[in-house]
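# Close look at the chain arrangement
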Amino acid sequence: MTQVTERETPLQAAPRAAAGRRRSPAAAACVLGGAVAAGLGLGFLAVLVIVLWISSPYPDSGPGGALHLAAGLWLLAHGTELVRYETLSGVPAPVGVTPLLLVALPALLLRRAARLGSASGDGGGDGGDADGGDADGGRDEVLPASAVFSAVACGYLAVGSLATVYAAAGPMPADPLSAAWHVPLVAVLAAAGGVWSAKGRPVGPLPHWVPGAVRRAAARPRYPLALRAGAAGALVLLGGGALIVGASLAWHAAEVQASFLALTGVWSGRFAVLLLAVALLPNAVVWGAAYALGPGFALGAGATATPLGFAGAPALPRFPLLAALPPEGPGTLLTCATAGVPVLAGLAVGWFAVRRAREVRYRETALTAALGALVCGLLMAGLAAAASGPLGSRGLASFGPVWWATGAAAFAWTLLPAVPVAVAVHSWRTRPARQADGPAADSEDEWHDSGVRELRWEALRRAAGTLVPDLTPQDPPQGPPRATAPPAEPAPVQGPADAPKPPRRLTVVTGLHLDLTPAPVDLTPAPVPARPAEAPPRPLVPPVAGARVVPRRPRA
C-alpha cells in the first residue's frame, strides 16, 4: 500500500496504456474504410463491365477477362497507363489518356472514407461508467488527423496493389511503374482533402517543421488573394474551352452523328461509346482551353491544331469527339476570335487580385496580380498534363495539349492584362471622395444661403426663448447715445486664500451689436415665510348625525 501511494508512475502509465489499446480499433476502422472505398470503386466498374459484356452479342473473352478489364479501368481512373498487346503491328501500344470524369469516382469515395474516419469519435457518450471506474469508457477515441490520413491511405493502397497484380493477367495490364506513383498520388490528395474537410477546412499557420521564412511569407494576405485570382482565371479559361467545344460539336453535328453510328450497330456498343464520350468531355474542355490559349493540342506525330491553322494529316481513330475538330488548313477569323477567352481570364485575375483595404500600395497589388497569373499558369499546366497522353505508338504517341506550352501561354496571356487591370481597379476603389460641383453644388448651397439661415436661426430663437441670444445685426442709433449709469454691484467678499482670477478675454465681432452690459444681480437672501400652525387632521369619514345603519339583505 505504501508503494502505491508513494509511487505515482504506475497510476499514470495505466491510463496511457489503456488509451493506446483503445486507439487500435479506431485505426483499424480507418484502414478498413480505405479498403472499402477502393472496393466500392472496383465493384462499380466491375458491374458496369459485366453488364456490357453480357449484353454484347460478340464477347471477345469470358467473365474473367471482363473482370481483369474492370481492374485495368480502375487503375486508368488514377492516371495509370495501360498497355495493349493485341495490335495489328504486334508492337505493344500504351493507352495513357485518362478520362477525367472517371477520376472523380475514386477521389470521391476516398474522400468520404477519410471524412468518416475523422468523425468516427465525435458521437460517443459523455464518458464514465455507472460505477465511475473508467472515465472514458463510453467515449470513442478520436484519432489525430495524421493518423486518420495514414490509416485510410494505407488501406486504399493495399487494395490498389492487389488490383495491379490482378490486372496484369488481363487483356490490358497496367504499367507497374506508372501505377507505382499515380495511385499513391490520387490516394494522398483525396485522403488529405477528406481529412481537411472533416476538420472544418482550417486555414491556419503552417506546421512547425516548415522553415520560419516560408511560414512568415505564407501568412501574408497576398498569397490567398493570388490563389483566388489564379483559380478565377483558370475557371474562365475552362468555361471558354467548354463554349468552344460545344460550338464545335454543334457546327459539326452531322459528322459527329455519322461517326457515332458507324462505330457499332448494337445498342450495347453504342451505349459503351456514349459512356466513353461523356467521360472524355472534361478532357475536351481542357483541350478547348489550350486551343484558345494558342499552343493548341497535338494529334499525333507532326499534327497540331491551333487557332492559326491545322497542320499535318493525322491518322485519327473514328470517334464522335474527334469528328468535331476544326478543318485542316489555315485558320479563319472565327478561330482567331478564340483569343478573347484568355483576355477575359486576365481581366478576371486582375479583378480578384485587388484588396479592399486603402493602405495597400500599388506595388503590392501588381505583385498579387502577377502571382495570380502564375497560379493560373500552373493550374492549366497540371490540367493539360492530366488530359493528355499516348493513345498508341509511333503516330499516336503524343495526343493532347503540351503541358509546359499550355502553362506558359496561360501565364503570359493572363499576366499582360491582369497587372494594369488590378492597378486600375485599386486606384478606382481607393479614390478620394468626389467634391460636388455644378448644379448639385448650387442646390446644396441653397441650404446655407444667408437669408434662409437667418430665418432658421430666428425660428430657433423664438422657440428657445431667452436661451438663444439675438445675433441679427441691427442698425446703429442715429442720435447720440444716452449716458446710463451702470448699476452698483456689491463687492464680492474675498478670502485671504483666494487668488484674483485673470480677466476674461472677449472677441469683438464686427457688424454685430450685442448688449454685453452685465445685468444687476440681487444677492439679498429672500425672506423665508413663516410656517403656519398645523391644523388638526380631518377625519377620513365625516360624522353623520341622525343616521341609522340597516344591514344588507342577501338576494334571493
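Structure: above.
About the criteria used
Residues numbered from 1 in each chain as written. Predicted model: local features only at pLDDT ≥ 70, side-chain atom pairs only at ≥ 80, totals over all residues. Heavy atoms only, no water. Pairing = 2+ DSSP bridges. Helix = DSSP H or I, 4+ residues; strand = E, 2+ residues; numbered from the N terminus. Expected span 1.5 Å × (residues − 1). Axes fitted to C-alpha atoms, helices over the stretch in contact; angles between N-to-C directions. Parallel < 35°, antiparallel > 145°, perpendicular 65-115°, else oblique. Contact = heavy atoms within 4.5 Å. Nonpolar A, V, L, I, M, F, W, Y, C, P; charged D, E, K, R; others polar. Left-handed = near helix turned anticlockwise from the far one by under 90°. Core = buried A, V, L, I, M, F, W, Y, C linked by side-chain atoms within 4.5 Å. Buried < 20%, exposed > 50% of the residue type's maximum accessible area, 1.4 Å probe, protein only. Phe/Tyr/Trp six-rings, centres within 6.5 Å; stacked < 30°, edge-to-face > 60°. Lys NZ or Arg CZ within 6 Å of the ring centre and 35° of its normal.

### Structural notes on the sheet that holds strand S6 (residues 329-330)
- An order of S6-S5-S4-S3-S7 is seen for the 5 strands of this open sheet, with the pairing classed as antiparallel. Each having just a single partner strand, S6 and strand S7 (399-400) make up the two edges of the open sheet.

### Regarding helix H14 (residues 362-387)
- With 26 residues, H14 extends 38 Å from end C-alpha to end C-alpha; this agrees with the ideal 38 Å at 1.5 Å per step.
- Just downstream of H14 lies Gly-389, where phi reads positive at about 155°.

### A closer look at the packing of helix H10 (residues 267-279) against helix H11 (residues 281-293)
- Put simply, H10 and H11 touch, their axes get as near as 4 Å, and they point 40° apart. Overall, the two elements H10 and H11 adopt an arrangement that is oblique. Here Ala-277, Val-278 and Ala-279 of H10 lie close against H11, whose contacting residues are Leu-281, Pro-282 and Asn-283.
- A per-class count over the contact of H10 with H11 returns 5 nonpolar, 1 polar and no charged.

### Examining the packing of helix H4 (residues 100-118) against helix H6 (residues 176-198)
- Relative to each other, H4 and H6 sit at 40°, their axes nearing to 7 Å. Here H6 runs oblique to H4, going by the angle between their axes. At the point where H4 passes H6, the crossing takes the right-handed sense. Note on element contacts: H6 touches H4 through Val-186, Ala-187, Ala-190, Ala-191, Gly-193, Gly-194, Val-195, Ser-197 and Ala-198, opposite Ala-107, Leu-110, Arg-111, Ala-114, Arg-115 and Ser-118.

### Some remarks on the nonpolar core
- With 29 residues, the main nonpolar core has Cys-30, Trp-74, Leu-75, Leu-110, Val-148, Val-152 and Tyr-156 as its most contacted residues.
- It is helix H5 (residues 145-167) that contributes the most residues to this core, 7 residues altogether.
- The residues touching Leu-110, leaving out its near neighbours within four places in the chain, are Ala-37, Val-152, Tyr-156, Val-186, Ala-187, Ala-190 and Ala-191.
- Formed by 19 residues, the second largest nonpolar core is a distinct cluster that contains Leu-280, Val-286, Tyr-291 and Phe-399.

### Topic: the packing of aromatic side chains
- Counting across every chain of the model gives 4 aromatic pairs.
- Relative to Phe-297, the ring of Tyr-291 lies with its centre 6.2 Å away and its plane at 40°, an arrangement referred to as tilted.
- The exposure class of Tyr-291 is buried, given its relative accessible area of 7%.
- Through successive ring pairs, a cluster of aromatic residues spans Trp-287, Tyr-291, Phe-297 and Phe-399.
- Sitting over the ring of Trp-351, Arg-429 keeps its end group 4.8 Å from the ring centre.

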